[in-house]
Amino acid sequence: MALPGLRRGVPVRRRGGALLIPIARPVIGEEEKQAVLRVLESGQLAQGKVVREFEEAFAAWLGVREAVAISSGTAALMLALQAHGIGPGDEVITTPFSFIATANAVLYLGGRPVFADVRADDFNIDPDEIEARITPRTKAIIPVHLYGQPARMAEIMSVAERHALLVVEDAAQAHGAELNGRKAGTFATAAFSFYPTKNMTTGEGGMVTTGDSRIATTLRKLRDQGQTERYNHELLSYNWRLTEIAAAIGLVQLRRLEEFNERRRANARFLSERLKGVITPIEREGCRHVYHQYTVRVPQRRDALAAHLRERGIGTQVYYPRPINQQPVYRELGYGDGFPVSQQMCAEVLSLPVHPSLTPEELQQIVDAVNGFFEGSE
Ligand SMILES: Cc1ncc(COP(=O)(O)O)c(C=O)c1O
């Protein structure tokens, strides 16, 4: 069955004569287009009632009291931390194996990201490593639900409780992921991203979700120049608002999210049942993995496999080639090495296309190309 907004079976792009199966492909259909047109014709383009409607729909879908739309996932993370009082001198424990925005949100507020290594089985932060890095200056933990698999939230929440630490979930990659029937983003205040590669998109955009209405009120000020009402500015802040256009796309994408996630899960199953020569991703017990990325481990010749796939028109990506502590901006700040599992993952991971618009033929091409590389038969 075709997803509206897709041309099933039609090669989307050709590059150098080769069919390209991209690593990500946002699914935008007629409904999204009509919703954007309605906003354009309304004359209200900046944050207004469509944003409010998107927030209410998102909060209801997640099952939390409050959702506050923000201009990006990065800004959502930063404002979530700021609203909870994280600031200069505060240490925040997080994973070095994530997109840099996770740690930057802390740095930007004058805090200090403290990294704790991940586990090799699912790439998520190791709760024992978190506990080992707690100091009197530690204020918070940011677990990331990497690639769409929930972090070990029961253990993390229990560490946080024992040491009276705040938790902010980085749920940028985990819309609809679940742990023992509970959605990622409902364990604590959480930040989501709607960047186009994500499980649902608004072009650019983000959302903070929280059960705490006071935090939501602060967030609503922080995203809008610190104002409570027009030209009454209580806090120093900037413009981190979402547009009505983005919210209109988001409302439609949210309705389609479950279908997108089921497709991702079916695509992941197809790949895992057939791929040979690579370590396929696990779905931890009690978890619903939503495969923002389908990431295999290739202990040897990872880059040669990526080149082999590219030659066959298949896009792949290494998320992430370097732990955050090894990025130049962190080196400048004096961060050293010391996270051997993350470093090993950076050398071994390769994400393959898993997005909802893949056709059965494309999925089979991916399997044939990967298996052919290891059999040497292609
Ligand atoms: C884990 C993680 N955190 C934060 C972000 C930041 O989100 P955005 O790109 O919407 O600013 C992203 C996505 O790019 C992400 O993958």
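Residues numbered from 1 in each chain as written. Predicted model: local features only at pLDDT ≥ 70, side-chain atom pairs only at ≥ 80, totals over all residues. Heavy atoms only, no water.

J.: Teacher, can you tell me more about the site of the ligand here?
T.: Near the ligand there are 15 residues, and of these Gly73, Thr74, Asp170, Ser193 and Lys198 occur at the shortest range. Within the contact set of the ligand, an oxygen atom lies 2.8 Å away from a backbone nitrogen or oxygen of Gly73. Where the shell around the ligand is concerned, the elements lending two or more residues are helix H3 (73-83) and helix H4 (101-108). Its residues assigned to classes, the shell around the ligand shows five nonpolar, eight polar and two charged. (Near = heavy atom within 4 Å. Polar contact = N/O pair within 3.5 Å; in protein donor to acceptor, adjacent residues only side chain to side chain. Helix = DSSP H or I, 4+ residues; strand = E, 2+ residues; numbered from the N terminus. Nonpolar A, V, L, I, M, F, W, Y, C, P; charged D, E, K, R; others polar.)

J.: Please explain the sheet that holds strand E14 (residues 287-288) as it appears in this structure.
T.: Strand pairing in a sheet takes place through backbone hydrogen bonds and is either antiparallel or parallel in direction. Read across the open sheet, the three strands follow the order E9-E8-E14; overall the sheet is antiparallel. Bordering the open sheet on either side are strand E9 (182-183) and E14, each of which pairs with just one other strand. Both strand E8 (residues 178-179) and E9 contribute to a ladder of two bridges, which runs antiparallel. Each bridged residue has a counterpart across the sheet, and for Leu179 the counterpart in E9 is Arg182. (Pairing = 2+ DSSP bridges.)

J.: Any chance you could explain helix H6 (residues 153-162) here in plain terms?
T.: Given 3.6 residues per helical turn, the α-helix brings residues three or four places apart onto the same face. For H6, every residue scored as buried is listed here: Met153, Ile156, Val159 and Ala160. Seen end-on, H6 carries its buried residues on one side only, within an arc spanning 125°. Projecting away from the buried face of H6 at angles above 90 degrees are the exposed residues Ala154, Glu161 and Arg162. On its buried face, H6 sits against helix H5 (127-132), strand E6 (138-142), strand E7 (166-170) and E8. Looking at the residues trailing H6, positive phi occurs at Ala164, about 50°. (Buried < 20%, exposed > 50% of the residue type's maximum accessible area, 1.4 Å probe, protein only. Arc of directions from axis to C-beta. Contact = heavy atoms within 4.5 Å.)

J.: Where do I start with the packing of aromatic side chains in this structure?
T.: Any two aromatic rings considered together are summarised by their centre-to-centre distance and by the angle between their planes. Across all of its chains, the model carries 18 aromatic pairs by this definition. Relative to Tyr294, the ring of Tyr291 lies with its centre 6.1 Å away and its plane at 35°, an arrangement referred to as tilted. An aromatic cluster is present here, built from Phe97, Phe99, Phe123, Tyr147, Tyr319 and Tyr320 joined pairwise through their rings. The ring of Tyr335 carries Arg112 above its face, with NZ or CZ at 4.4 Å from the centroid. Sitting over the face of the ring of Phe270, Arg274 holds its NZ or CZ atom 3.7 Å from the ring centroid. (Phe/Tyr/Trp six-rings, centres within 6.5 Å; stacked < 30°, edge-to-face > 60°. Lys NZ or Arg CZ within 6 Å of the ring centre and 35° of its normal.)

J.: I would appreciate a short explanation of the side chain of Lys221 in the present structure.
T.: Mapping Lys221 onto the fold places it in helix H7 (residues 213-222). Note on Lys221: relative accessible area 18%, which makes it buried. With sequence-adjacent residues up to four places away left out, Lys221 is seen in contact with Gly226, Gln227, Thr228, Glu234 and Leu235.

J.: Help me understand the pairing of strand E5 (residues 112-115), please; the structure alone is not making it clear to me.
T.: For a regular strand, the rule is simple: side chains alternate between the two faces of the sheet. Examined bridge by bridge, strand E4 (residues 91-94) and E5 share four bridges and lie parallel to one another. Its bridge partner being in E5, Thr94 is matched across the sheet by Phe115. Note on the crossover from E4 through H4 to E5: the handedness is right-handed. (Right-handed = clockwise from strand over helix to strand, strands pointing away.)

J.: Would you mind going over the pattern of salt bridges with me for this structure?
T.: Pairing between side chains of opposite charge can happen when the charged atoms of each approach one another. Taken as a whole and assessed by the stated rule, the structure comprises 29 salt bridges. A salt bridge links Asp126 to Arg119, with the nearest nitrogen and oxygen atoms 3.3 Å apart. With a relative accessible area of 12%, Asp126 lands in the buried category. With its nearest N and O atoms 3.6 Å apart, the salt bridge here joins Glu273 to Arg274. With a relative accessible area of 31%, Arg274 lands in the partly exposed category. When salt bridges with common partners are traced through the structure, they connect Arg52, Glu55, Glu56, Glu66, Arg220 and Arg223 into a single cluster. (Salt bridge = Lys/Arg side-chain N within 4 Å of Asp/Glu carboxyl O.)

J.: Explanation requested: the packing of helix H9 (residues 302-311) against helix H12 (residues 360-375) in the structure shown.
T.: Each pair of packed helices can be described by the angle between their axes along with the distance between the axes. Close contact between H9 and H12 brings their axes to 10 Å; oriented N to C, the two are set at 130°. Looking at the two axes, H9 sits oblique to H12. The crossing of H9 and H12 is right-handed. Every residue of H12 that contacts H9 at Ala304, Leu305, His308 and Leu309 is listed here: Ala369, Val370, Gly372, Phe373 and Phe374. Residues that form the contact of H9 with H12 fall into these classes: seven nonpolar, two polar and no charged. (Axes fitted to C-alpha atoms, helices over the stretch in contact; angles between N-to-C directions. Parallel < 35°, antiparallel > 145°, perpendicular 65-115°, else oblique. Left-handed = near helix turned anticlockwise from the far one by under 90°.)

Take it as geometry only, folks, not as evidence of what the structure does.
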